[in-house]
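# Chains, contacts and geometry: an overview
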Amino acid sequence: MPLILIDASGWLFRAYHALPPLTDPQGEPTGAVFGMLNMLQRLQKDYPKAPIVVIFDAPGPTFRDEIYAEYKANRDATPEDLKAQFPKIVELVEALGLPLVAVPGVEADDVVGSYARAAAAAGDEVMIVTRDKDLAQLVTPRVTLFDTMKQRHLDPAGVAEKYGVPPERIVDYLMLIGDTSDNIPGVPLVGPKTAAKWLQKYGSLDAIVADAAELPGKAGSNLRDCVGQFPMTRELATIRVDVPLPRALDALEPHAADRDKLAGLYRRWGFRRQLDALLGRAPEATAAPPARAVGAAALVAASAEEAPPLAQTTCVRDEAALAALVEALSAAELICVDTETDSLDAVRARLVGLSFAVSPGHAWYVPVGHDYAGAPAQLPLARVKERLGPLLADATRPKLGQNLKYDLNVLVHNGFQLAGIAHDTLLESYVLDAAGNRHDMDSMAERYLHYRTIRFEEVAGKGRAQLSFNQVPVEHAAPYSGEDADITLRLHRHLHPALAKVEALARVYRDIEMPLLPVLAKMERDGVKVDAKLLGHISGELAERMEVLQRQAWQAAGSEFNLGSPKQLQAILYDQLALPVLGKTPKGDPSTAESVLEELALQHPLPRLILDWRSLAKLRSTYADNLPRQINPETGRIHTNYHQAVAATGRLSSSDPNLQNIPARTAEGRRIRQAFVAEAGNALLSIDYSQIELRLVAHLSGDARLQDAFHRRLDVHRATAAEVAGIAPQDVTPEQRRAAKVVNFGLIYGMSAFGLARQLGIPRGAAQDYIDRFFARYTGVQRYIEATRLQARQRGYVETLYGRRLYLPDIRARNGARRQYAERTAINAPLQGTAADLIKRAMIDLAQWLPGNAPRLRMILQVHDELVFEGPKDELMTQGPIIARRMCTVRALRVPLAAEWGVADNWDAAHSVSQGTVSSAD
């Protein structure tokens, strides 16, 4: 077994930014502690007899600070919430019985290097746990690196493959490229590729310097200019392997763990799964996230108990078993139902089986569609429908499920009706804590019931060999599906009482989310027609436009390259054009992410061309080319999937296709919308709330000027521009109105002067002046923002007008960036969340109103603040303003709600060509 040396300082800093901001029951940060425990337990499991040594940086300066005063000068201070966890990590390591080493005056890298050299000299194998490329210089046939986050080992060949140079040339490599994290200067314009190419050609940095006069271009000139710094950078980059070590190799053997101390630490930090494993209450020491101090965990944890395994699943394959099931369901107060299918597409899936539970510990599975060779006899679907159909369709018998919208559409597609939909554990968990949890059944079972469910892969296999459920043996399908129903019932018994503790949350669940479920299910079943032929033409148009952008990009770059290749783009931007590196990938390469390109676009035309090309490429592949493939051959329509439990603010999202991401403000995005059409003889009605979030700002802030503008039906952006500039509205220029629009939508979400300056293309000082003048005029808005931040810090969450909560675990974080993000979210969430609640309430109202008043109309799309209906054009023209008014009167505000409506034969035209505006004040 190897000696395992953990570069704990380097590992923790990288893990800190990758791990979620977990807290213990007292609200203190524990994410780094949790990550360290995870890693140590995994290493102990994988290498049970290997000695493990945890090595940290000692506080205070090192010899490198004496060599170079600017060493690590550009590093941010250690985040306070990470610094606060160091004592906990020391306690943890000591309780685990592992040696912990820190040597003053040198870094952890040097301690690691010295132990590795000593152990290798003694004939031992060494494994260094790190993500630091500096330590690659230590790799030998006896010394390897191990990245626990990527589960990747690097031996000498692996180092050469990853960096392009062998371990003995890593120091030369670092001297050429520099190290931004340590502020070690490199050679300007010499990146990893150039450094590796030179070292491969010349063999060493000394040989490169000897031939420096022959190196062409600016990079060669820069190398010649930097020769004088190489002695210093070599000393900075070289890891010492001769540090006097405080403990000899034979003194590094671990001691037995202190079980009592560990148990106390686990209790204090809320590490329930680890505590269960330590005390023998769980089958394995699988790490699970510690409980949050707020949200569903706080409401549920007090009553949650460990769930016993499912005692029995009855497989219903004959008339006697079916009769017994009908009798049990008929007597039940609440029926939990789950479906098994051969597809995730609910409107096309074939029913394979149904499972039921009415009390914990027992479930039934009714197979109806297992058709593999040798499958046992099953009841005919028609017979199951005859006996169970009336119970499922009985609205007086309450039904429960997990993601019941899917089951509802599956049942309808397969000839059943499902009425009496009362509860959905997915939505219970979501309403309790939208952002804090995953809401799938497996995750909730582990979180709330401390129970590991049977995974789908365990019964169906993985990858290409995975079976569809109709091919899963009935004897395996029954316990799997029965467990789903049983665990869903148990989860409901924990989650619903937790909801009842907070009446506002109970109302959101009862009055918004549950009534919306069947509305969304019907919209999914109804779908929308798309013109596949037109999409083909649009794909060609986008391809032509992309070719134009490609030629322009090649001209701007001075050479041809693959615009879709991040590697080639890196070489163009950073090696060839020498643009500044504003961000890096997780692997340490210069980033070509959208946010970075947006910044670089201010300095060079190429990044903007790349952004425009990417936008068109995404539209073409995601929509123009892919939408025709998503047309259901049975209906000739596309059936998107609406997600209620994804967006933390309460907004709906969608997938297959994602309708929310089709841009409405670009010509190309509008072309895609033109392909969403009505059936022959019909038209589409689009109704879009007007400036709903600004109206909510006016309502919530009570700002008199903003409210007056809406009551007088002024152009709010023009009014803002006039107020801030101190001029008459008619004198506002288009540029002033555009700036005001950016301010109105940006400042309420915490846009900084830097962000506003970048958005408007003005100096930061001018942007700050604009912000100051805005808040000087709209004092109510400023008071609202400040009060909301304060309330969020005091309570740990914010609410919508309807009582929906968003918990903000980082609102008191010591880390400034996380705290500021939480503060911006605190302003944003009540506005977006209330807007989401309003349109959801409107959808519920209209779903009840349409059948009795406009039965030929169907509500078919919801995107952001817009609803789309389909029906005969004359009826849409008549009912359009009536429906719009119902949407505007769903709740009274201090300012009028308004909506624009339009009718046309495609979505874009209906949205763009307004037939009128309706206001709740009319």
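Residues numbered from 1 in each chain as written. Predicted model: local features only at pLDDT ≥ 70, side-chain atom pairs only at ≥ 80, totals over all residues. Heavy atoms only, no water.

Once that is clear, we can look at the packing of aromatic side chains. All told, the structure shown has 11 aromatic pairs when counted by the stated rule. The interplanar angle of 65 degrees and the centroid separation of 6.1 Å between the aromatic rings of Phe456 and Tyr480 together place this pair among those described as edge-to-face. Here the residue Phe456 occupies a position in helix α21 (residues 456–460), and Tyr480 occupies one in helix α22 (residues 474–500), the gap between them amounting to 24 residues. On the basis of relative accessible area, Phe456 is assigned to the partly exposed category, the value being 26%. Classification of Tyr480 as buried rests on a relative accessible area of 10%. With 5.0 Å between their ring centres and 45 degrees between their planes, Phe774 and Tyr778 make a pair best called tilted. Pairwise contacts between aromatic rings join Phe34, Tyr266, Trp269 and Phe271 into one cluster. Between the NZ or CZ atom of Arg240 and the centre of the ring of Phe63, over which it lies, the distance is 5.1 Å. Between Lys385 and the ring centre of Phe416, over which it is positioned, the NZ or CZ distance is 5.8 Å. (Phe/Tyr/Trp six-rings, centres within 6.5 Å; stacked < 30°, edge-to-face > 60°. Helix = DSSP H or I, 4+ residues; strand = E, 2+ residues; numbered from the N terminus. Buried < 20%, exposed > 50% of the residue type's maximum accessible area, 1.4 Å probe, protein only. Lys NZ or Arg CZ within 6 Å of the ring centre and 35° of its normal.)

This part covers the packing of helix α19 (residues 425–432) against α22. At their nearest, the axes of α19 and α22 sit 9 Å apart, and the two run at 35 degrees to each other. Relative to α22, the crossing made by α19 is left-handed. For the pair α19 and α22, contact is made by Thr425, Glu428, Ser429, Val431 and Leu432 and by Thr488, Leu491, His492, Leu495, His496, Ala498 and Leu499, respectively. (Axes fitted to C-alpha atoms, helices over the stretch in contact; angles between N-to-C directions. Left-handed = near helix turned anticlockwise from the far one by under 90°. Contact = heavy atoms within 4.5 Å.)

Once that is clear, we can look at the nonpolar core. Of all hydrophobic cores here, the largest spans 119 residues; its most connected members are Ile672, Phe676, Ile687, Met843, Phe869 and Ile883. The leading source of residues in this core is helix α36 (residues 816–853), at 11 residues. Residues in contact with Ile883, not counting those within four places in the same chain, are Leu685, Ile687, Leu846, Trp849, Leu850, Leu857 and Phe869. (Core = buried A, V, L, I, M, F, W, Y, C linked by side-chain atoms within 4.5 Å.)

This paragraph deals with a positive patch on the surface. On the surface, Lys150, Arg152, Lys162 and Lys587 cluster together to form a positively charged patch. Among the secondary structure elements, Lys162 is positioned in helix α7 (residues 156–163). (Patch = residues over 30% accessible without salt bridge, like charges linked within 9 Å, V, L, I, M, F, W, Y side chains within 5 Å. Areas by Shrake-Rupley, 256 points an atom, 1.4 Å probe, with all protein chains shown as cover. Salt bridge = Lys/Arg side-chain N within 4 Å of Asp/Glu carboxyl O. Lys, Arg positive; Asp, Glu negative; His and termini not counted. Charge placed at Lys NZ, Arg CZ, Asp CG, Glu CD.)

This part covers the pattern of salt bridges. This structure, assessed with the given rule, holds 50 salt bridges. Residue Arg64 pairs with Glu107 through a salt bridge whose shortest N-O separation is 3.1 Å. Taken together, the positions of Arg64 in helix α3 (residues 63–67) and Glu107 in the loop between β3 (100–101) and α6 (108–121) put the pair 43 residues apart, joining distant regions of the chain. With a relative accessible area of 3%, Arg64 lands in the buried category. The class of Glu107 is buried, set by a relative accessible area of 7%. Counted as one network, the salt bridges with shared partners bring together Lys522, Asp526, Arg637, Glu679, Arg858 and Glu870.

In this section: helix α2 (residues 31–46). Taking 1.5 Å as the rise per residue, α2 with 16 residues should run 22 Å; its terminal C-alpha atoms sit 23 Å apart, in good agreement. Inspection of α2 places Gly31, Ala32, Val33, Phe34, Gly35, Met36, Leu37, Met39, Leu40, Gln41 and Leu43 among the buried residues, and these make up the whole buried set. (Expected span 1.5 Å × (residues − 1).)

To continue, consider the sheet that holds strand β9 (residues 351–359). Judged by pairing direction, the sheet is mixed, and its six strands sit side by side in the order β7-β10-β9-β8-β11-β12 without closing on themselves. Each edge of the open sheet is held by one strand with a lone partner, namely β7 (312–315) and β12 (421–424). Each neighbouring strand pair of the sheet contributes to a mean axis angle of 30 degrees, computed without reference to strand direction. Looking at chain direction, strand β8 (residues 335–341) and strand β11 (residues 399–401) are connected through two bridges and run parallel. Along β11, the bridge assignment pairs Cys336 with Leu400. On top of the sheet, helix α18 (residues 404–413) reaches β8, β9, β11 and β12; it is set at about 65 degrees to β8, its chief contact. (Pairing = 2+ DSSP bridges.)

Here α6 is 14 residues long and its end C-alpha atoms lie 20 Å apart, about the 20 Å a rise of 1.5 Å per residue gives. By the criterion of burial, α6 is predominantly enclosed, with 11 of the 14 residues buried. Every buried residue of α6 is listed here: Ala108, Asp109, Asp110, Val111, Val112, Gly113, Ser114, Tyr115, Ala116, Ala119 and Ala120. Gly123 sits one or two positions beyond α6 and adopts a positive phi of about 90 degrees.

Looking at the protein, the pLDDT average stands at 88 and 95% of residues meet or exceed 70. β11 holds the highest mean pLDDT among the elements of the protein, 98, whereas helix α15 (residues 296–300) holds the lowest, 56. Low pLDDT, under 50, characterises residues 282–294; the stretch is placed with 40 contacts to residues that sit more than four places away or in other chains. Contacts for the low-pLDDT stretch residues 301–306, under 50 throughout, to residues beyond four places or in other chains number 12 contacts. (pLDDT = per-residue confidence, 0-100.)

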